[in-house]
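# Results of the structural survey
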Amino acid sequence: MIPRRVLHLLLAGSLWGGLAWLLGAKAFGPVIWAGILASPLIGLLVGWITQEAFERLSGVWRGLIVLASVYLGATFFGLAVGIYDWFARHHGIRLLPVVLVQDVAATWWGVTVTGFILMFWPLAYLTHTLLEWGDEG
């Protein structure tokens, strides 16, 4: 992965983290900061996993890759929040896997049931497209 792509993915992850803070700070409470601080790395990881496929495919397949990237990012965000949540509040009281599943499920719920997916999916498509253009420039 070229350095410019890495920088773009870190920046994209940071911007998505800011969006997560705007939309989820009240729902998650203080533990959201773990996900926000991890957001640049989440952006790097999600981009590393999905961006090549997005650029290689076309049509409906691109849309499905984008949808997968939204839920992959949400999963990593929930894991970051869950790990911090366990260390900060549940260490020794509840098992780590239980807390992780709870926070990942809460993140998926927030993305899906609230209807945010209707905003995130096209926004993620735009993000992938901008990343593709950024490498062409």
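Read on for a plain summary of the structure.

Parameters at a glance
- Residues numbered from 1 in each chain as written.
- Predicted model: local features only at pLDDT ≥ 70, side-chain atom pairs only at ≥ 80, totals over all residues.
- Heavy atoms only, no water.
- Helix = DSSP H or I, 4+ residues; strand = E, 2+ residues; numbered from the N terminus.
- Patch = residues over 30% accessible without salt bridge, like charges linked within 9 Å, V, L, I, M, F, W, Y side chains within 5 Å.
- Areas by Shrake-Rupley, 256 points an atom, 1.4 Å probe, with all protein chains shown as cover.
- Salt bridge = Lys/Arg side-chain N within 4 Å of Asp/Glu carboxyl O.
- Buried < 20%, exposed > 50% of the residue type's maximum accessible area, 1.4 Å probe, protein only.
- Contact = heavy atoms within 4.5 Å.
- 1 Å grid on protein atoms, 1.4 Å probe; cavity = no way out; pocket = protein on both sides within 12 Å on 5 of 7 lines; lining within 4 Å.
- Points joined across faces, edges and corners; volume = space filled by probe spheres on them.
- Nonpolar A, V, L, I, M, F, W, Y, C, P; charged D, E, K, R; others polar.
- Expected span 1.5 Å × (residues − 1).
- Bend = angle between axes of the 7 residues up to and from the residue.

With that settled, consider the environment of Ala-53. Position of Ala-53 relative to the elements: it lies in helix H2 (residues 32-56). Once the C-alpha coordinates of Ala-53 and Thr-107 are considered, the two residues, 54 residues apart in sequence, prove to be 25 Å apart.

This part is about a nonpolar patch on the surface. A cluster of nonpolar side chains, Trp-21, Leu-22, Leu-23, Trp-33, Leu-37, Met-119, Leu-123, Leu-126, Leu-130 and Trp-133, forms an exposed patch at the surface whose accessible area comes to about 1000 Å². Looking at the nonpolar patch, the element that brings in the most residues is helix H5 (residues 117-136), giving 5 residues. Relative to the helices and strands, Leu-37 is located in helix H2. Using a relative accessible area of 66% as the deciding quantity, one classes Leu-37 as exposed.

This brings us to the pattern of salt bridges. Oppositely charged side chains can pair when the atoms bearing their charge come close. A complete count under the given rule lists 4 salt bridges for this structure. Residue Glu-52 is joined to Arg-56 by a salt bridge in which the shortest nitrogen-to-oxygen separation is 3.6 Å. Taken together, the positions of Glu-52 and Arg-56, both in helix H2 and 4 residues apart, correspond to about one turn of that helix. The residues Glu-52 and Arg-56 share a single accessibility class, namely exposed. For Asp-85, the salt bridge identified is with Arg-89, shortest N-O distance 2.7 Å. Here Asp-85 and its partner Arg-89 are both found in helix H3 (residues 60-90), 4 residues apart, which amounts to about one turn of the helix. When its relative accessible area of 1% is taken as the criterion, Asp-85 is described as buried. Judged by its relative accessible area of 49%, Arg-89 is partly exposed.

A word on the environment of Ala-80. You can see Ala-80 is positioned in helix H3. By relative accessible area, Ala-80 is classed as buried at 16%. Residues Ala-80 and Ala-53 lie 27 residues apart in sequence; the distance between their C-alpha atoms is 25 Å. Beyond its immediate sequence surroundings of up to four residues, Ala-80 is in contact with Ala-34, Gly-35 and Ala-38.

Roughly 710 Å³ of internal volume is contained in the largest pocket. Lining the largest pocket are 34 residues, with Trp-16, Ala-20, Gly-73, Ala-74 and Phe-120 positioned closest to its centre. Top contributing element to the lining of the largest pocket by residue count: helix H1 (residues 3-28), with 11 residues. Here the residues of the lining of the largest pocket sort into 21 nonpolar, 13 polar and no charged. Quantified by volume, the second largest pocket comes out at close to 260 Å³.

Turning our eyes to something else, we now look at H2. Compared with an ideal rise of 1.5 Å per residue, which puts 25 residues at 36 Å, H2 spans 34 Å between its outermost C-alpha atoms and is within 8% of the ideal. Of all the bends found along H2, the most pronounced is centred on Ser-39 and spans about 55°, while Pro-40, a proline, follows it within four residues.

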